[in-house]
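Coordinate inspection notes
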Amino acid sequence: VKCTVCRGPAVIDVRRHNANFCGAHFLRLCRDQVAKAIRDHEMLTPDERALVAVSGGKDSLAVWDILVELGYQADGLYVGLGIGEYSDASGEAARAFASQRGLHLVEIDLPAEHGFDIPTGSRAARRAPCSACGLSKRHLFDDAARRGGYDVVVTGHNLDDEAAVLFGNVLRWQTEYLGRQHPVLPARDGFPRKVKPLVRLGEREMAAYCVLRGIDYIVEECPMAAGNRHLGYKEALNAVEATSPGTKHDFYFGFLSRAADRFAGEAAAEREHLGACDRCGAPTPNDVCAFCRLAERAAGAQPVVLGEKPSS
Amino acid sequence: MEAMKVLLRNPRREVDVPGPLSVHTLLNRLELQRETVLVIRGDTLVPGDATLADDDVVEIRPVISGGAT
């Protein structure tokens, strides 16, 4: 197979573009797609300071790498979630990436600074682990961006992530979530702007980008995510994509161009009643924010040891 | 009999597969969707039509990840 651009030997096919690429032209494609996403959705400008939420996985390290390559000011933020060896390894990957490139990595340790880890917090609050993890990370990203004076929080959500979330929201007609699903969430009421520069790239492309750039990311899956609903949606969409390349792209970008506006009113209605959390001051529709409630329920709970069955 | 070494992940394991055969054939034999993995030989990517030999050592790396947020 030959590179569609230069006719040299190709190393990867991208079926939804009906194209093959050599290493150099594939890396250029990735950078061009990120630059286009940033431009099309007015995500950030070179004079703004960006904080990249880094997990040690392929997507977050790739987006950090691409933003720096494109000349943006980007620091990283790693949150230690206390998920056993998985967190140890992901933290090491994030630190190694930052130190090899001379980049600044901000670190927050959830157990050390807030007194609980995700396995314990999710059990104590009777939340799914991915739900407790997501709300903790969103809270800590927002807080770190405010404290550090950053203009924007960058996350590594890619096309597969966004298509799977959209699929789940459509299946249950979660109209408030549909109204918020956009590659840019503008800053408001103490929340920083949040952007997703990888929405034009799939996760196979992000893994390939890391291999070709020599980025040593954590390949192992989070032990708490196994079997979650989101992974099931990805499998379903990949089964469709296998026979009809481009479906995920059309599903997500068709939603943005032809349907997202119809749900914007529902998200706006939800946003109207925000006050400050009594405990931490974060914006919240309640007296106490969801993160502080989670921390409160986790305080004093029996610590969960991964791999052991709950004694209950 | 010689056979190529194939490293699989999640869970991490190694299987021997007799070659030569193409990357596509290998993925079909292992019942893996090509959109969900990368095939890596040494430190570089191997395209789908490449032929893998008995003395190759390849990694089949899953690319699907995902917490729900």
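Our subject is the structure listed above.
This text gives an overview of the structure that appears in the document. What you are looking at is a predicted structure, and each value in this text was computed from that prediction instead of being measured.

1. Focus on the overall build of chain A
For chain A, the helix and strand inventory stands at 13 helices and ten strands. Taking 2.2 N^0.38 as the reference for a compact globule, 312 residues should give roughly 20 Å; the C-alpha atoms of chain A span a radius of gyration of 20 Å, in line with that estimate. In terms of overall dimensions, chain A has C-alpha extents of about 60 × 45 × 40 Å along its principal axes. Residue burial in chain A is summarised as follows: out of 312 residues, 51% are buried. Of the roughly 14400 Å² of accessible surface on chain A, 48% is carried by carbon and sulfur atoms. Averaging the positions of the 38 positive and the 41 negative side-chain charges in chain A gives two centres separated by 4 Å.

2. Digging into the layout of surface pockets
Roughly 450 Å³ of volume is contained in the second largest pocket. Lining the second largest pocket are 17 residues, and of these L32, T36, V37, P62 and I64 of chain B sit closest to its centre. Of all the secondary structure elements, the ones that give two or more residues to the lining of the second largest pocket are α10 (229-243) of chain A together with β7 (57-62) of chain B. Sorting elements by how many residues they give to the lining of the second largest pocket places α10 of chain A first, with four residues.

3. Looking at the interface of chain B and chain A
With 24 residues of chain B in contact, the opposing surface of chain A contributes 31 residues. Carbon and sulfur atoms make up 53% of the surface buried where chain B meets chain A, a total of about 2400 Å² over both sides. As a salt-bridge pair, E220 of chain A and R9 of chain B come within 3.0 Å of each other at their nearest N and O atoms. Seen at the junction of chain B and chain A, the total is ten residue pairs in polar contact (both at pLDDT 80 or more). Among the elements of the structure, β4 (37-41) and β5 (44-45) of chain B are those that each provide at least two residues to the side of chain B that touches chain A. It is β4 of chain B that provides the largest number of residues to the side of chain B that touches chain A, a total of three residues.

Reading guide: rules and limits
- Residues numbered from 1 in each chain as written.
- Chains lettered and ligands numbered in written order.
- Predicted model: local features only at pLDDT ≥ 70, side-chain atom pairs only at ≥ 80, totals over all residues.
- Heavy atoms only, no water.
- Helix = DSSP H or I, 4+ residues; strand = E, 2+ residues; numbered from the N terminus.
- Rg over C-alpha atoms; globule rule 2.2 N^0.38 Å.
- Buried < 20%, exposed > 50% of the residue type's maximum accessible area, 1.4 Å probe, protein only.
- Areas by Shrake-Rupley, 256 points an atom, 1.4 Å probe, with all protein chains shown as cover.
- Lys, Arg positive; Asp, Glu negative; His and termini not counted.
- Charge placed at Lys NZ, Arg CZ, Asp CG, Glu CD.
- 1 Å grid on protein atoms, 1.4 Å probe; cavity = no way out; pocket = protein on both sides within 12 Å on 5 of 7 lines; lining within 4 Å.
- Points joined across faces, edges and corners; volume = space filled by probe spheres on them.
- Contact = heavy atoms within 4.5 Å.
- Buried area = accessible area lost by both parts, 1.4 Å probe.
- Salt bridge = Lys/Arg side-chain N within 4 Å of Asp/Glu carboxyl O.
- Polar contact = N/O pair within 3.5 Å; in protein donor to acceptor, adjacent residues only side chain to side chain.

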